[in-house]
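In case you want the letters, here they are:
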Amino acid sequence: MDYLDELENEAIYIMREVAAQFDKPVLLFSGGKDSITLVHLAIKAFYPAKVPFPLMHVDTGHNFPETIEFRDQLVEKYGLNLHVEYVQDAIDNNLVQEESGRYASRNALQTVSLLNGIEKHGFNACIGGARRDEEKARAKERVFSVRDDFGQWNAKNQRPELFDILNGRIDQGENVRAFPISNWTELDVWNYIKRENIELPSVYFAHQRKVFLRDGLIWSDSEYINKDANEEVIEKTVRFRTVGDMTCTAAVESDAADIDSVIGEIVAAEISERGARIDDKRSEAAMEKRKEVGYF
Amino acid sequence: MNILRISTAGSVDDGKSTLIGRLLYDTKSLSKDKIENIENLSKQRGLEDIDLSLITDGLTAEREQGITIDVAHIYFNTPNRKYIVADTPGHVEYTRNMITGASNASVFLILIDARNGIIEQTKRHLFIASLMEIQNIVFVINKMDLVDYEESVYLKIRGEITKLQEKFNLEDRNLTFIPVSAKVGDNVVKRSAATKWFDGPTLLDYLETVDEAKDTTGFRFNVQYVIRPQSDEFHDFRGYAGKVKSGTVKVGDTVKVLSSGQSSKVKAINRYKDKLTHAKQGDSITLELEDDIDISRGDILIPGSEVLEGVKALNSKLCWLGKDDLVPQKRYLLQYGSATVPVKIAAVKSQLDFDTLSFEPNPEAVKVNSINNIDIKSASPLYLDKYKDNPENGYFILVDEVSNATVAVGFNQ
Ligand SMILES: Nc1nc2c(ncn2[C@@H]2O[C@H](COP(=O)(O)OP(=O)(O)OP(=O)(O)O)[C@@H](O)[C@H]2O)c(=O)[nH]1
Ligand SMILES: [Mg+2]
């Protein structure tokens, strides 16, 4: 069997298990290519019926405008149901405190809004686009990952997961994070996007952008990032390999304006995808720590 | 390009994680930033060479203790294949995590420390390989650098395993032996000059050519979800979404529904908007049938001509994975395919003794990581195949109703 068919089969199988085992599932939509791929898979899994669960986007308020626009079009086109949870609300309600300084980001604050959204709507299964090849703590994830009342991940005590059997039984208040594209690599996702002709926000392809350099990474110039006086804004042709919000994703210099050239660049790349994630650079175990407190 | 799923096995410190790290390193599958990262960590720890196990041992606790605690899934590919590697822990305490990694593998790499040879944990893992009907088993005899690359050491271990082959019912399996040094890089990707006496394949050569195809037996289809759009365009549409667990199905085939026993013909095989003429093992599809018969999640479709008797009593091999011991007469939930059924353990007949490698009757308790021969009784019929005849419809898990934990995996006999 072709490997993309095999990966698609597995992802669709997992989606259907979620829809069957839980009464309140939700798809966590970040606006990035992985969650766009998830939406595509969900549409395929339940066709000709509509996707039987809503999407939830945790909006930091610091998104690339292109991804928000794209999100709204996608929702419109497929008749999806979207909930948006605003980090700004959590800040206004004093649930979290805005970070300060030059590395200030709302990325870590997202977790609180995510957990609030889950609680408010009573979601008991959250489908996420995390992939095991992204990061060393994610390499340890199960397909169904149980989180306690506080959304915490207990890495040292995960349920065994045998063959393709997914045990989604949980207590009230707990929830499961389900990862249908666990076994996909970055390149697999791109090859699948190409094969299926999946549309993506324009930030994934080469474009002119105002940027500045910091710590060897290319940062997008925006009002949300506190620049030093000596950080000079220049114009470059760039694209994004991974898209979180503007404060935590760095650009790469690139001329790849179409999918074939993007795939060519990824094959040749010496640096990993997460090498451009500012949020992972905070410490060696940054991802593991965020996951322990409820990040996905 | 196809996918090959591999799992490591073997005792603590035999070098599983180092081997996988080496495989990734020598196939140039690691990005520059990841290599720099583990180089720096290795330096910080005062090591002379880079510690390749850090590639898969990613949790803080694992790095502190220098052991693997939970399975890591790692990916790499060659022009030929996409590899999904489960690097599993060797520690007895984490056998449950090892089984998690092993259950989806079609190739098993059992590591052996050349200095120690076969030890209890090697045998335990070999038994698990036997139980799971894993077709391809590679004995990776590691740390050859520490025994001066002596052929006699390799031959001795190989001889001992060959003797065990019969005991473990492994005569029909594809067994391979490769002497390596994961640390130095001998015979993993690069052929070693230090083992001129060895004329077998390197590990990568083996993986590139091993046959992963599973033989598919009778058609089994698990209904996961019933699709009823109730839209104007698809007003009367009723589709059964699920996975072909084994065999194939064509449009026009007569299929029988378990549990009801009713039959109908396949009207359409849908994969999104595509109408297929047939589907095969592993396919996630949506079936439409000619007749409106009662079908719901948990049902299994099989060929109309086949008989698969529902049983309320079954005998199986059971690996206990729960932290708490099995409680006889307690209700557990048995999950197989897309069905969940309450069951009780009727009898624990015997338990595997890892010294004698035979099943001893009347065990005192069923503890975590033990392998047992048990009888299960169920209130409603179970439609399982014998694992040996059709593994895809022959395994199940037990779930504790109170803690919700997955406490056992079973193989129907
Ligand atoms: N000399 C030598 N040392 C090795 C070799 N392979 C592994 N080691 C060392 O053996 C120790 C254990 O290696 P790991 O790869 O962590 O062992 P493991 O089998 O993954 O251990 P667990 O996952 O905890 O069961 C480390 O110190 C390695 O550097 C080898 O081929 N030669
Ligand atoms: Mg290890």
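A brief structural summary. Only a predicted model underlies this, so the values are computations on that prediction, with no experimental measurement involved.

1. A closer look at the coordination of the magnesium ion (ligand 2)
Residue and element names in this part refer to chain B.
Here is step 1 of the chain: The coordination sphere of the magnesium ion (ligand 2), as far as protein atoms go, consists of Ser17 (OG) and Thr68 (OG1), spread over 1.9 to 2.0 Å. You can see serine 17 sitting in helix H1 (residues 16-26) and its partner threonine 68 sitting in the loop between helix H3 (60-65) and strand E2 (72-77), a full 51 residues away along the chain. When sorted by exposure, serine 17 lands in the same class as threonine 68, which is buried.

2. Concerning the interface of chain B and chain A
Here is step 1 of the chain: Of the residues lining the interface, 74 residues belong to chain B; the matching set on chain A comes to 59 residues.
Here is step 2 of the chain: Contact between chain B and chain A buries roughly 5800 Å² in total, counting both sides, with carbon and sulfur atoms accounting for 53%.
Here is step 3 of the chain: Taken as a group, Tyr225, Tyr272 and Asn404 of chain B account for 12% of the area that chain B buries against chain A, more than any other trio of residues on that side.
Here is step 4 of the chain: One can count nine salt bridges joining chain B with chain A.
Here is step 5 of the chain: Of the charged contacts in the structure, one is a salt bridge between lysine 243 of chain B and aspartate 164 of chain A, with a shortest N-O distance of 2.9 Å.
Here is step 6 of the chain: Counting every contact that joins chain B to chain A gives 40 residue pairs in polar contact (both at pLDDT 80 or more).

3. Considering the packing of aromatic side chains
Here is step 1 of the chain: Inspection of every chain in the model, using the stated rule, returns 24 aromatic pairs over all chains.
Here is step 2 of the chain: Considering the side-chain rings of phenylalanine 76 of chain B and tyrosine 83 of chain B, the 4.6 Å spacing of their centres and the 10 degrees angle between planes classify their relative orientation as stacked. For the pair formed by phenylalanine 76 of chain B and tyrosine 83 of chain B, the shared burial category is buried.
Here is step 3 of the chain: Cluster of aromatic residues (ring-pair linked, three or more members): Tyr47 of chain A together with Phe234, Phe237 and Tyr272 of chain B.
Here is step 4 of the chain: Stacked on the ring of phenylalanine 354 of chain B, the Lys or Arg arginine 124 of chain B has its end atom at 4.3 Å from the ring centre.

4. Some words on helix H5 (residues 110-121) of chain A
All names here are of chain A.
Here is step 1 of the chain: For H5, which comprises 12 residues, the first-to-last C-alpha distance of 17 Å matches the rise-based estimate of 16 Å (1.5 Å per residue) to within 8%.
Here is step 2 of the chain: Where H5 is buried, its residues touch strand E1 (25-28), strand E2 (55-59), strand E3 (82-86), helix H4 (87-92), strand E4 (125-127) and strand E6 (175-178).
Here is step 3 of the chain: Following H5 by one or two positions, glycine 122 adopts a phi angle in the positive range, close to 70 degrees.

5. Some thoughts on the pattern of salt bridges
Here is step 1 of the chain: Here the structure, examined in full by the defined rule, presents 50 salt bridges over all chains.
Here is step 2 of the chain: Residue arginine 131 of chain A pairs with aspartate 133 of chain A through a salt bridge whose shortest N-O separation is 2.9 Å.
Here is step 3 of the chain: Looking at arginine 131 of chain A, the relative accessible area reads 1%, which means it is buried.
Here is step 4 of the chain: Through salt bridges with shared partners, a single ionic network connects Asp2, Asp5, Glu8, Lys44, Arg195 and Glu196 of chain A together with Arg271 of chain B.

6. Thoughts on the pairing of strand E19 (residues 358-361) of chain B
Residues and elements named next belong to chain B.
Here is step 1 of the chain: Here strand E18 (residues 339-353) pairs with E19 via four bridges, running antiparallel. Within E19, the position partnered with glutamine 351 by the bridge is glutamate 360.
Here is step 2 of the chain: Counting the residues between successive antiparallel strands, the hairpin from E18 to E19 contains four residues, one of them, leucine 357, with a positive phi of roughly 60 degrees.

7. Looking at the packing of helix H6 (residues 186-196) of chain A against helix H7 (residues 259-268) of chain A
If you want to describe how two helices pack, look at the angle between their axes and the distance between the axes.
Residues and elements named next belong to chain A.
Here is step 1 of the chain: Interhelical geometry of H6 versus H7 gives an angle of 165 degrees and a closest axis separation of 10 Å. The orientation of H6 with respect to H7, classified from their angle, is roughly antiparallel. The crossing of H6 and H7 is left-handed. In this structure, H6 uses Glu186, Leu187, Trp190, Asn191, Ile193 and Lys194 to contact H7, whose residues at the interface are Ile259, Asp260, Val262, Ile263, Ile266 and Val267.
Here is step 2 of the chain: Taken together, the residues that form the contact of H6 with H7 break down as eight nonpolar, one polar and three charged.

The rules behind these values
Position labels on residues start from 1 in each chain and follow its written sequence. Chain letters and ligand numbers both follow the written order, the letters beginning at A and the numbers at 1. With pLDDT at 70 or above as the cut-off, local features in this predicted model cover only qualifying residues; side-chain atom pairs require 80 or more to be listed or tallied, and sums for whole chains, interfaces and linings still use all residues. Values reported for side chains reflect all heavy atoms of the structure, with hydrogen atoms and water molecules removed beforehand. Donor selection uses N, O and S atoms within 2.8 Å of the metal (3.2 Å for Na, K and Ca). Since no water is included, sites may look incomplete. Only DSSP runs of H or I reaching four residues or more are called helices, and only runs of E reaching two or more are called strands; each is numbered from the N terminus. Relative accessibility decides the category of a residue: with a 1.4 Å probe and only protein chains considered, values under 20% of the type maximum give buried, values over 50% give exposed, and everything between is partly exposed. Any two residues whose heavy atoms approach within 4.5 Å at even a single point are treated as in contact. Take the accessible area each of two parts loses on contact, using a 1.4 Å probe, and add the two losses: that sum is the buried area. Only one rule defines a salt bridge in this text: a Lys or Arg side-chain nitrogen within 4 Å of an Asp or Glu carboxyl oxygen. For the purposes of these results, a polar contact is taken to be a pair of N or O atoms within 3.5 Å, where, inside protein, one atom must be able to donate a hydrogen and its partner to accept one; residues adjacent in sequence count only when each atom of the pair is a side-chain atom. Pairing of aromatic rings covers Phe, Tyr and Trp, the last counted by its six-membered ring, and requires centre-to-centre distances within 6.5 Å; plane angles under 30 degrees mean stacked, over 60 mean edge-to-face, and any other angle means tilted. Each ring is checked for a lysine NZ or an arginine CZ that lies within 6 Å of its centre and within 35 degrees of its normal; such an atom marks a charge sitting over the ring. One fewer than the residue count of a helix, multiplied by 1.5 Å, yields its expected span. DSSP bridges decide pairing: two strands pair if at least two such bridges lie between them. All axes here are fitted lines through C-alpha atoms, helices being fitted over the stretch that makes contact, and every angle between N-to-C directions spans 0 to 180 degrees. An angle below 35 degrees is read as roughly parallel, one above 145 as roughly antiparallel, one from 65 to 115 as roughly perpendicular, and any other as oblique. Here is the rule for handedness: rotate from the far helix to the near one, and if that takes an anticlockwise turn smaller than a right angle the crossing is left-handed, while a clockwise turn gives right-handed. Three classes are used: nonpolar for Ala, Val, Leu, Ile, Met, Phe, Trp, Tyr, Cys and Pro, charged for Asp, Glu, Lys and Arg, and polar for all others, with Gly counted as polar.

That is the geometry; function is a separate question.
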